[in-house]
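Notes for the structure review
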Amino acid sequence: MALLPILCYPDPKLHKVAKPVAEVTDRIKTLAADMIETMYEAKGIGLAATQVDVHERLIVIDVSEERDQAIVLVNPELVWTSAEKRINEEGCLSVPGIYDGVERFDAVHVQALDEHGKSRKIEADGMLAVCIQHEMDHLLGKVFVEYLSPLKRNRIKTKMLKAQREERA
Ligand code: K1U
Ligand code: ZN
């Protein structure tokens, strides 16, 4: 297994729209395993392939306390969303150190393939529902800061670019 580099906002590659996975091959299984390892190492609860510069519809999530219940979702599609929405505090491994409130559906049902290519449906609420929506946005090239005001977003962009310049120096 391997740790993968995570793209940092405002990298334009984070805005690419991912293509469907044609078939769950060994390459996809290895990518999913590497993404899970990368997510655990970065202390995240989710990761989208877009964030590791692979523009295919694949996400991994683990919201368990024990960090031993990783879920792999290939070609995820929302098939139901609740009428209710709420604002949740979100963070993003591609925007380190930034947390803010984003409105999401309270509950969602997702149809996807697992890491074996088997069809599965997940009925999610709470943190799992929030994380699924956040990761599926990544596959559409959307980063959570795009829900914030232009003023906040520009401040975040400036802060990230400064941090990246200082890291390189
Ligand atoms: O997509 C990512 O960058 C991963 C992201 C997932 C996520 C966290 C919080 C709400 C929605 C989606 C993270 O794991 S950020 C780091 C983190 O562990 C965390 C941050 C805030 C709340 C809970 C967890
Ligand atoms: Zn994110």
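Residues numbered from 1 in each chain as written. Chains lettered and ligands numbered in written order. Predicted model: local features only at pLDDT ≥ 70, side-chain atom pairs only at ≥ 80, totals over all residues. Heavy atoms only, no water.

In this section: unusual backbone geometry. Geometrically, the link from Y9 to P10 is a cis peptide bond, its omega value of 10 degrees lying close to zero. Along the chain, P10 turns up in the segment before α1 (26–41). Even without glycine at this site, D53 takes up a positive phi of about 65 degrees. Positionally, D53 belongs in the loop between β1 (46–48) and β2 (58–61). Even without glycine at this site, R67 takes up a positive phi of about 60 degrees. Its location among the elements puts R67 in the loop between β2 and β3 (71–81). Judged by its relative accessible area of 27%, R67 falls in the partly exposed class. (Helix = DSSP H or I, 4+ residues; strand = E, 2+ residues; numbered from the N terminus. Buried < 20%, exposed > 50% of the residue type's maximum accessible area, 1.4 Å probe, protein only.)

What follows covers the confidence of the model for the protein. Of all residues in the protein, 100% attain a pLDDT of 70 or more, and the chain-wide mean is 98. Helix α3 (residues 150–168) is the least confidently modelled element of the protein, averaging 97 in pLDDT, while β1 averages 99, the highest of any element. (pLDDT = per-residue confidence, 0-100.)

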